[in-house]
Amino acid sequence: MLINRKTSFKDSMPIADYGPEDNMLDNTDIEWVNKVSVRRLFRFCALLSMLSVSMNTPKTFESYPELMYVTFTIDMIITFIFTAEMIAKMHIRGAWKNRYRSEAPYLRDRWCQFDGVMVLCLWGSVVLQVFELTNRIPPNSAGSALRILRSPRPLIIVRVFRVFLKFQLPRNRINQIFKRSSQQIYNVTIFFLFFMSLYGILGVQFFGEMQHHCVKNGTHPDNVTVWDLAVPDTYCSPVPGVGYQCRKGMVCVYLDLSKDVMGFNGFDMFATSIFTVYQAASQEGWVFLMYRAIDSLPAWKAFLYFISLIFFLAWLVKNVFIAVIIETFAEIRVQFQQMWGTRGSAAESDSSQVIQSDGESWKLVIMDENKAKGLAPAMFQSILKSNFFHTLVLLLTLASAITEAGLNFDHKTKNPDNTLDNFYYSEVVFTVLFDLEAMFKIWCLGLSGYLKRSLHKFELVLAIGTTIHILPGCYRSQLTYFQVLRVVRLIKASPMLEDFCFKIFGPGRKLGSLVLFTMCLLIIASSISLQLFCYITDFKKFETFPQAIKSMFQILLQDGWTDIIDEVMDLVNNSFLAVLIALYFILYHLFATLVSSHGYDHHGNNVAEILKNGWA
């Protein structure tokens, strides 16, 4: 029996199901796999697997040895559950050939392929932990590098969110959207890589190897210690009159140093030059590269190269690349919204509004404005809606903010424990007035009508919090935050200022979605990096999950992220792994830049729209 799905499309185009497979056919033999409770169990197991793999590090087991058996037990249970699910799906849909025309076979469905890979990773993790428990793979040994087999496991958290990604669209329309967007992304990626390669080649041709250092007179180049170098270590030029010339008592010598000593950035070869160009394009530490080039070669080469690199690659080409990616996904979102149709009133609005005439002019009014409210007479209802009352509350909030801003602490002349001063009594007065305001609104609107608006809920929370705060035992405690947050009402009380802030920051749901997506990206990337680098000896940045989050968050902020990359590449002591590590962190940094730039572009476009159309 096929499942009927309702759609909102009026055309007769075939519908393509571009989402996770969650509506499998019922089967009398294996009916349990289709139940909603079982699917929720699968999502809970995916979250539990994410927590388990985040605790699975040698340093964590060293601090908490019992976690080794806890994680092993959790992984065993989760592995058996997901293996049973995989077998059930193969039985229902078939492994390679179709058993039902409406469902693709297991090994040909992309989401099923993803689930199968996760099951293999779980089994590999369980087998690996068996060897660790039996001490056949001791911690910090050469075999502990096999822990990187656990690195794909954090991706199982996708199963928690993919249920929200289900959508049905006309196949021809969605194929056109993906074809156009993929072509745009392909073109701009080629554009970006071209300029990266161009400046990589120019760097090799302009600078090449820069390994001349100032050392003490008489130092042999093959036997150089730290005590023989200048303080700080200085690059120099062997050509008189060009670059930096060593001071008296020192000589400029070519030192054939390895990458782990001299660093992994430079222009001695094309691959290293590309890595260096990307670091400079991120505007992180590029000035030190320029100073190195100025000291080693004629200064005009360094000025010409790095100034043009920052202008064209960092400011122009990279921003064009990011802008096109963002615009492409924005276009996809617009196309989806057009096909899905209108979704009704916006979630941010407190109530529906209609256009009505009062005999003199037309205006937008709340649809329930003329209905009976609370117990207050009509005269008080009109006072509540008057501009006088609105202005009075605004002035009262402003007076409270000015009073709070005048608070100061003088511990030399006053007793710091004596908190019941004049500021306390003024706060009591303001709190009573705001409590009366809340009671007056409830009297006029009724409790249900009062709580209908989000602004009134915020005011009520502040009223309750500040009322508890003025109790002598609670004054100047953590409850002071309710008093401080009262100043936020200056934004909500002014429609003009409220509209301006809304246009800048956008809807709260969209901003919250961006923050949630960024946090999920950070957690997944931190857990993957934890399993990739936790086996490195004496490397504390990825020993435990909190340290991994701190390191990946530093890269997300693009502040000193090159130091983390250089340290990891230096400790692995393997050229091939160093290339893979550089590629991994570059892709994460680039993706993090896209995410942060998307939020900036969203709010920047809102500001531009405000300046263009006006907001008064």
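Data block above holds the structure.
Here, residues in each chain are numbered from 1, in the same order as that chain's written sequence. With the structure being a predicted model, the display of local features is reserved for residues of pLDDT at least 70 and the display and counting of side-chain atom pairs for 80 or more, all residues being used for whole-chain, interface and lining totals. Neither water nor hydrogens contribute to the side-chain values; these are computed over all heavy atoms in the structure.

**Some thoughts on the overall build of the protein chain**
Numbering of helices and strands starts at the N terminus; helices are DSSP runs of H or I of at least 4 residues and strands are runs of E of at least 2. Secondary structure summary: the protein chain contains 22 helices and six strands in total. Here the protein chain holds 616 residues, and the buried ones make up 39% of them. Two residues qualify as a contact provided that any one of their heavy atoms is within 4.5 Å of a heavy atom in the partner residue. Within the protein chain, residue pairs in contact and separated by at least 24 positions form 70% of the contacts whose partners lie at least 6 positions apart. Areas reported here follow the Shrake-Rupley algorithm with a probe of radius 1.4 Å; residue values treat only the protein chains shown as occluding. Counting every atom, the protein chain has about 35,700 Å² of accessible surface; 65% of that belongs to carbon and sulfur. The buried label goes to any residue with under 20% of its type's maximum accessible area, the exposed label to any with over 50%, and the partly exposed label to all in between, with areas taken from a 1.4 Å probe on protein chains only.

**Let's talk about the state of the cysteines**
When the sulfur atoms of two cysteines come within 2.5 Å, that pair is taken as a disulfide. On inspection of all chains with the given rule, the structure shows two disulfides. For the protein chain, the disulfide bridges join cysteines in the arrangement 1-3, 2-4, where the cysteines are counted in sequence order.

**Describing helix α21 (residues 561-572)**
Here α21 spans 17 Å end to end across 12 residues, near enough to the 16 Å set by a 1.5 Å rise per residue. Along α21, the residues that are buried comprise Trp-561, Thr-562, Ile-564, Ile-565, Val-568, Met-569 and Val-572. One side of α21 carries all its buried residues, which in axial view fall inside an arc of 160 degrees. Backbone geometry just after α21 places Asn-573 at a positive phi near 55 degrees. By definition here, a helix of n residues has an expected span of 1.5 Å times n minus one. For this quantity, the arc is that covered by the directions from the helix axis to the C-beta atoms.

**Structural notes on the pattern of salt bridges**
We define a salt bridge as a side-chain nitrogen of Lys or Arg found within 4 Å of a carboxyl oxygen belonging to Asp or Glu. Enumeration over the complete set of coordinates arrives at 12 salt bridges. With its nearest N and O atoms 3.1 Å apart, the salt bridge here joins Lys-89 to Glu-85. One end of the pair, Lys-89, and the other, Glu-85, are both in helix α3 (residues 66-93), four residues apart, so they sit about a helical turn from each other. The residues Lys-89 and Glu-85 share a single accessibility class, namely buried.

**Comments concerning the nonpolar core**
If you look at the biggest cluster of nonpolar residues, it comprises 81 residues, and the most contacted ones within it are Phe-82, Phe-306, Phe-542, Val-568 and Phe-585. Element by element, the count of residues in this core is highest for helix α10 (residues 299-340), at 12 residues. What Phe-306 contacts, discounting residues up to four positions off in sequence, is Phe-207, Phe-267, Trp-286, Leu-289, Met-290 and Ala-293. Here, the term nonpolar core denotes a set of buried Ala, Val, Leu, Ile, Met, Phe, Trp, Tyr and Cys residues that are joined through side-chain atoms within 4.5 Å. Membership of the second largest hydrophobic core comes to nine residues, among which are Ala-376, Ala-438, Leu-445 and Tyr-450.

**Focus on a nonpolar patch on the surface**
Residues enter patches when their relative accessible area tops 30% and they take part in no salt bridge; the joining distance is 9 Å for like charges and 5 Å for the nonpolar side chains Val, Leu, Ile, Met, Phe, Trp and Tyr. A cluster of nonpolar side chains, Phe-191, Phe-311, Phe-312, Trp-315, Leu-316 and Val-320, forms an exposed patch at the surface whose accessible area comes to about 560 Å². Counting residues per element, the nonpolar patch draws most heavily on α10, which supplies five residues. The topology assignment puts Trp-315 in helix α10. Of the residues examined, Trp-315 reaches a relative accessible area of 49% and is grouped as partly exposed.

**Considerations on the environment of Phe-312**
When you line up the elements, Phe-312 lands in helix α10. What makes Phe-312 partly exposed here is its relative accessible area of 36%. With residues up to four places along the chain from it excluded, the contact list for Phe-312 reads Tyr-199 and Val-317.

**Points about the side chain of Arg-292**
Mapped onto the elements, Arg-292 comes out in helix α9 (residues 286-296). Beyond its immediate sequence surroundings of up to four residues, Arg-292 is in contact with Met-210, Tyr-235, Asn-265 and Gly-266.

**Let's talk about helix α8 (residues 270-281)**
For α8, which comprises 12 residues, the first-to-last C-alpha distance of 16 Å matches the rise-based estimate of 16 Å (1.5 Å per residue) to within 8%. The buried fraction of α8 is high, at nine of 12 residues. Taken together, the buried positions of α8 are occupied by Thr-272, Ser-273, Phe-275, Thr-276, Val-277, Tyr-278, Gln-279, Ala-280 and Ala-281. Downstream of α8 by one or two residues, Gln-283 has phi in the positive range, about 60 degrees.

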